[in-house]
Each structure stands twice: as C-alpha cells, then as structure tokens.
Amino acid sequence: MDRRFFIKNTALLTLAGLGSGLTLSARAAATPDEIRLDYAYYSPTSLVLKHFGWLEEQVKSSGIKVKWTLSQGSNRALEYLSANSIDFGSTAGLAAVLSRANGNPIKSVYVYSRPEWTALLVPKDSPIKTVADLKGKKIAATKGTDPYLFLLRTLKVNGLKKSDVEIVHLQHADGRAALESGRIDAWAGLDPHMASSELQAGSRLLYRNVAFNTYGFLNVTEDFAKKYPDQVKQVLQAYERARLWILANPREASQIQADEAKISLAVAKVQLNRTDFSNPYIGREHREALQAAAPILLQEDLVKKGTDLNKVINDLIDPSFVQTLAPKKSAT
C-alpha cells in the first residue's frame, strides 16, 4: 500500500472520528442533566404537576432528572432564579417585571393562572372599615411580591402614601400569624394563607381589587431557554396537562392543594374558586396589564429612575414557546 495514501486516509479517519465525537458532545450539551423547578402553594398547577410526576414521565427517556424546590413567595422564586438554583420559577407578573428591571435575566413564558390571590385583610373584630382608616397603622406585606405591590397601589388609589402607614416586612405565613395575634392592624395576604385566615380566624377582607392582582407567570432563566429550548417546551406541555386536569377535576385538584399545603379542603376550595385557569397563552393581554401597573415601580423608587419599563416588559414576555401548545390561541 502507498505510504502517502495510508497516511492521508488515516488522517481523514482521525478527523472523521473527532468530528463524530464533537457531534456527540454537542448533542449531549443540548440536553440538560436535570430540570429544576419550583412548586408553590399559590400555584396549584405546580402542585398537581409535581403530585402526578408527569414531567418526570415525559423526560425519563432522555435521562433527564427533575428536581423540585418549594417557593414561599415570588420574592423567593426570583431569588432562586437569580442565584441559578432553579431553572423555572412561579411568580406574580408584576414581581417578575420588578426583578427583570433590576437585572434578573428571566423570561416569562407561560401563564399558570389568573388568580385573585391577594387582598387587604384586618382581624375580625377590627374597627377599621375603609382603606383610609389605615393611616398611621401597621400593615404586613412581603416585599417584592404581588401582595406588597397590591398594597402600594391600594394606598395610592385611596389617597394614602407609603409614608402614611408603617409597612412591616414579613413572609406571607408570618404576616398571617402577626395579623391573627394582633401585632399588626392589617395584612396584604396571599392565598392559601389568606383563605385560611378568613375561614379559620374570621379575618375580614377590607379591600379587594382583582385588577390589582397580576397574573401568575412561569419564568425561566434566559440561559436555560437559550441552551435548551426543547426542554422549555416539554415543561410547558407538562404544565398544560396539569392545567387541563385541574379544569376537568376541580374537587380532586382542591384535595391535592389541601394535602400539599396542609390546609383544609374548604380552604383549598376557596382558593381555587377565585383562580382562573382558562388562558395559559402569554402575550399582548399580559403586556398591557403590566404596562398599566408598572408606573408604581417608578413612583415608589423600586427601580432606577429612567428605567424604560415598556422595554423591560417586552423583553420579559416571550410568547414563542407557548405558541407550540395546542389548541393555539393568539399570543401576539
């Protein structure tokens, strides 16, 4: 055999082998070893999905593991996303805007619900009758969450400034405990804690405004979405299975909520009855709602002056993944 022929072909085979190895490496890199998600008592869809293990079932053939982390509020979910402790996090829409505006590189890709999950509550025997009566009072809220932003908007539309009240920063469960023990005068609550306080302690809803409750968004880190778009679609498909199951099985969904959150079935039913699961398709409707709500972030110096919140919202909301779901609905 001609030596030059042998050397040439050996080199070609070596290059081909290297190319094959690179291809295999690229393929391996295109699939994560693990998908990390949060679950939250304020997101019944996440509880149903975790309960049945449908995502685990869906990605098993790819050898991908699934890891769940409990979130106690939007602020915690956003902290986990920012720290790269999770890939997907459940938050309120306006809280996601606040986080993105302050440098957290996330994308909102799905609406897991439109809830009325927050309101202002007072103890059952409180003499407070109107929002105006809260002047000079102590109000608990969890900073960086929908209830906190709900409180700020509520004060503003009722002629009060943040400085007119004393805001006590407590996590949601601690806010409920403080309300029921009389350590505060009012609480910007979050379900299911809010529903539990209503039914079990007789706490009274002082102010409700469903328009001030921003949507429940499923967010993903930009890095994960860029590297693993197929897995983002798989997660949304699994979420869709859970959402449709809730619509078809509300009583069973309430029982799962009750078991996971360790609340009564009656409380879980109250929470689900004021939660709308009808439209998962993130898009124009949600951009417009957030654009109407976002000025409070600038007014309260929660973001840097001069921040272009319309751009922040447009960069946050990504309808491209949800468009792959069926039946399709406009998400422009």
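Please read all numbers here as calculations on a predicted model, not as lab measurements.

Thresholds applied
Residues numbered from 1 in each chain as written. Predicted model: local features only at pLDDT ≥ 70, side-chain atom pairs only at ≥ 80, totals over all residues. Heavy atoms only, no water. Helix = DSSP H or I, 4+ residues; strand = E, 2+ residues; numbered from the N terminus. Buried < 20%, exposed > 50% of the residue type's maximum accessible area, 1.4 Å probe, protein only. Contact = heavy atoms within 4.5 Å. Salt bridge = Lys/Arg side-chain N within 4 Å of Asp/Glu carboxyl O. Pairing = 2+ DSSP bridges. Axes fitted to C-alpha atoms, helices over the stretch in contact; angles between N-to-C directions. pLDDT = per-residue confidence, 0-100.

**Details of the overall build of the protein chain**
Phase 1: Within the protein chain, the secondary structure is distributed over 15 helices and 11 strands.
Phase 2: The 332 residues of the protein chain split such that 54% are buried.
Phase 3: For the protein chain, contacts bridging at least 24 residues in sequence account for 78% of all contacts bridging at least 6.

**A closer look at the side chain of Q231**
Phase 1: Relative to the assigned elements, Q231 resides in helix α10 (residues 229–248).
Phase 2: Looking at Q231, the relative accessible area reads 6%, which means it is buried.
Phase 3: If near-sequence neighbours (up to four positions away) are discounted, Q231 is found in contact with A30, T31, P32, I35, I64 and F224.

**Topic: the pattern of salt bridges**
Phase 1: All chains considered together, the criterion is met by 14 salt bridges.
Phase 2: Measuring nitrogen to oxygen at the nearest pair gives 2.6 Å for the salt bridge that ties E240 to R243. Of the two residues, E240 and R243 both sit in helix α10, 3 residues apart, roughly one turn of that helix.
Phase 3: In the salt-bridge network here, residues are joined through shared partners; they are D191, E198 and R274.

**Notes on the sheet that holds strand β8 (residues 186–188)**
Phase 1: Strand order in the open sheet formed by 5 strands is β7-β6-β8-β5-β9, and the pairing between neighbours is mixed. Either end of the sheet is taken by a strand with one partner, and the two such strands are β7 (166–169) and β9 (204–207). Adjacent strand axes in the sheet meet at a mean angle of 35°, parallel and antiparallel pairs treated alike.
Phase 2: Relative to β8, strand β6 (residues 138–141) runs parallel, the two being bridged by 2 bridges. Bridge pairing in β8 places A140 opposite W187.
Phase 3: Sitting on the sheet, helix α7 (residues 172–180) touches β5 (120–122), β6 and β8, and the angle it makes with β8 is about 160°.

**Things to note about the confidence of the model for the protein chain**
Phase 1: Averaged over all residues, the pLDDT of the protein chain equals 90, while 89% of them reach at least 70.
Phase 2: In the model, residues 1–28 has pLDDT below 50 throughout and makes 1 contact with residues more than four positions away in sequence or in other chains.
Phase 3: Every residue in residues 328–332 is under pLDDT 50, and counting partners more than four places away or in other chains gives 14 contacts.

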